[in-house]
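Single-letter residue listing:
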Amino acid sequence: MSKPTVSLVSLGCPKNLVDSEKMLGLLAESGCAIASEAVGADVLVVNTCGFLATSRDEALGILRDAAARKRRGEIRRLVVAGCLVQRDGQRLVEEVPEIDALVGVNNREDIVRAVAPGSRRSARANGNRRPGEPLVFLAEYHPLRSKEWTDRARVRLTPPHYAYVRISEGCDQKCTFCTIPSIRGPMHCKPVERILDECREMIDDGVRELILIGQDTTSYGRDIGYAPGLAGLLRELDRLDGATWIRLMYVYPTEVDEALIDAIAECTRVVKYVDIPLQHINDRVLKAMHRRIDRAGTESLLRRLRDRIRGVSLRTTFIAGFPGETDAEFAELVEFVREQRFDAVGVFPYSLEPETPSGRMRHQLPQKVKQSRVAALMEAQQPIAFEKARAMAGRRFDVVIDAFGRDGVYPGRHAGQAPEIDSVTYVRGGEFDVGQLVRVRGTGSDGYDVLAVPNTTGLSVLQ
Ligand code: SF4
């Protein structure tokens, strides 16, 4: 029996994207054809995010559309994977009975059986399943099960020149608003050698920018007894020929030590960019969030990062409208954003997740208040971001071209801009390849985005 053609929709964060890429790799290895669009595919896989209520709503919307397609005979099979399955798979099936199989976050390797269940092994795995009931591959996190986990042999969904490198999964922090530890389990890290192997494989495949991700990258190595930690890993990766940019995401404030700051400052391939979600700044709110750091500690950390890492770009995220957040506490946060002048800020309205400690807290704020606070924080940040974009005018810096140009204008990023979440640098005047590193001269800005032209005194390519 020929293998089906499969299309996959990947929702949520870059960690989920890596799972999607790995599942596509497993499906391709098993002989399935991979289709970029759902049209014409036999099987649709939806890799869901289950972090917040809004991600649930998004996934349910897509699943209902897919179910309608299945009822119209446009697809034969609907497979659902990812965090929402891990968090609440049974309810998903009640809401979308057309689902044929569920694959939890610890069961990526079962995706082939979920997609093409012809084999007797799949039937045996779900021996007691009643007709019409979905196949279910749903295991809790188990250290042995993740012992060998690797993200090698992926079908990458990012542009060819950059890729996400997941150095760990799960999380040991206990932020009171977060569902991730209950979905992804405790932190479990990949050994350094396995990460290096994955990176070498991707560099051979044309990747030049390696973006390190995890739920909390800063605690790297703790569960595998790797004493040098994230600083040691950065220094190992910095020796990898062929990598041009190594970018660090998801830094947890209390875990940043001098060794890590020195490694970011000294490693030549590590871009001077730190993504460090702070969530809030008021001491009472930080305590209620169980962030294990206070205002003074946060400000001292930001000073150390800026003093030690020359020209560092700092991205952060905040939650607006946490239970009990008073007007004064929120005003303190707005003032902090004005003072600290971050390079990029993301703001999320607090999401009440019933099974989290903060979900059971009193003084939940109305949605309207949360939304107005999100807007107020972005309004405080916008002039700062615009000013920083304007300040790039006249400066010379490198930009990686991220996509083909339109009307002679190419979208790209300088080292202080991460893909998909930060602003963009548009390069006009020249012809470039995707992935090409171009030395440019800033000419101005367009809101958050930077405008530039090639710096005729020198062109360089991502070697
Ligand atoms: S660090 Fe906090 S917010 Fe981030 S994944 Fe862990 S528990 Fe969730």
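Before reading on, note that the structure itself is shown above.
Report follows, based on the coordinates. Quantities reported herein were computed from a predicted structural model and do not represent experimental measurements. (Residues numbered from 1 in each chain as written. Predicted model: local features only at pLDDT ≥ 70, side-chain atom pairs only at ≥ 80, totals over all residues. Heavy atoms only, no water.)

In the vicinity of the ligand, the residues found are Cys-171, Gln-173, Cys-175, Phe-177, Cys-178, Ile-180, Pro-181, Gln-215, Tyr-252 and Arg-291. Across the shell around the ligand, the residue classes tally to seven nonpolar, two polar and one charged. (Near = heavy atom within 4 Å. Nonpolar A, V, L, I, M, F, W, Y, C, P; charged D, E, K, R; others polar.)

Here helix H12 (residues 327–340) is 14 residues long and its end C-alpha atoms lie 20 Å apart, about the 20 Å a rise of 1.5 Å per residue gives. Of the positions making up H12, those classed as buried are Glu-329, Phe-330, Leu-333, Val-334, Phe-336, Val-337 and Gln-340. Down the axis of H12, the sector holding all buried residues measures 155°, keeping them to one side. H12 presents Asp-327 and Ala-328 as exposed residues on the side facing more than 90 degrees away from its buried surface. Structurally, H12 contributes buried residues whose contacts are with helix H10 (283–288), helix H11 (295–308), strand E13 (313–320) and helix H13 (367–390). One or two positions beyond H12, positive phi appears at Arg-341, with a value near 50°. (Helix = DSSP H or I, 4+ residues; strand = E, 2+ residues; numbered from the N terminus. Expected span 1.5 Å × (residues − 1). Buried < 20%, exposed > 50% of the residue type's maximum accessible area, 1.4 Å probe, protein only. Arc of directions from axis to C-beta. Contact = heavy atoms within 4.5 Å.)

Taken across its nine residues, helix H8 (residues 229–237) has seven buried, putting it largely inside the fold. Burial in H8 covers these residues: Gly-229, Leu-230, Ala-231, Gly-232, Leu-233, Leu-234 and Leu-237. Residues of H8 that are buried make contact with helix H7 (192–204), strand E10 (209–213), strand E11 (245–248), helix H9 (258–266) and strand E12 (270–275).

Once that is clear, we can look at the side chain of Ser-219. One can find Ser-219 in the loop between E10 and H8. Non-local contacts of Ser-219, meaning those with residues more than four positions away in its chain, are made with Gln-173, Met-187, Cys-189 and Glu-255.

This brings us to the layout of surface pockets. Looking at the second largest pocket, its volume works out to about 890 Å³. Counting only elements with at least two residues in the lining of the second largest pocket, the list comes to E12, E13, strand E14 (344–349), H13, strand E15 (396–401) and strand E18 (437–446). When residues in the lining of the second largest pocket are grouped by element, the largest group, five residues, is from H13. Taken together, the residues of the lining of the second largest pocket sort by class into 17 nonpolar, nine polar and 11 charged. Here the lining of the second largest pocket gathers at least three residues from each of two domains, domain 2 (144–389) and domain 3 (396–461). (1 Å grid on protein atoms, 1.4 Å probe; cavity = no way out; pocket = protein on both sides within 12 Å on 5 of 7 lines; lining within 4 Å. Points joined across faces, edges and corners; volume = space filled by probe spheres on them. Domains from an automatic or database assignment.)

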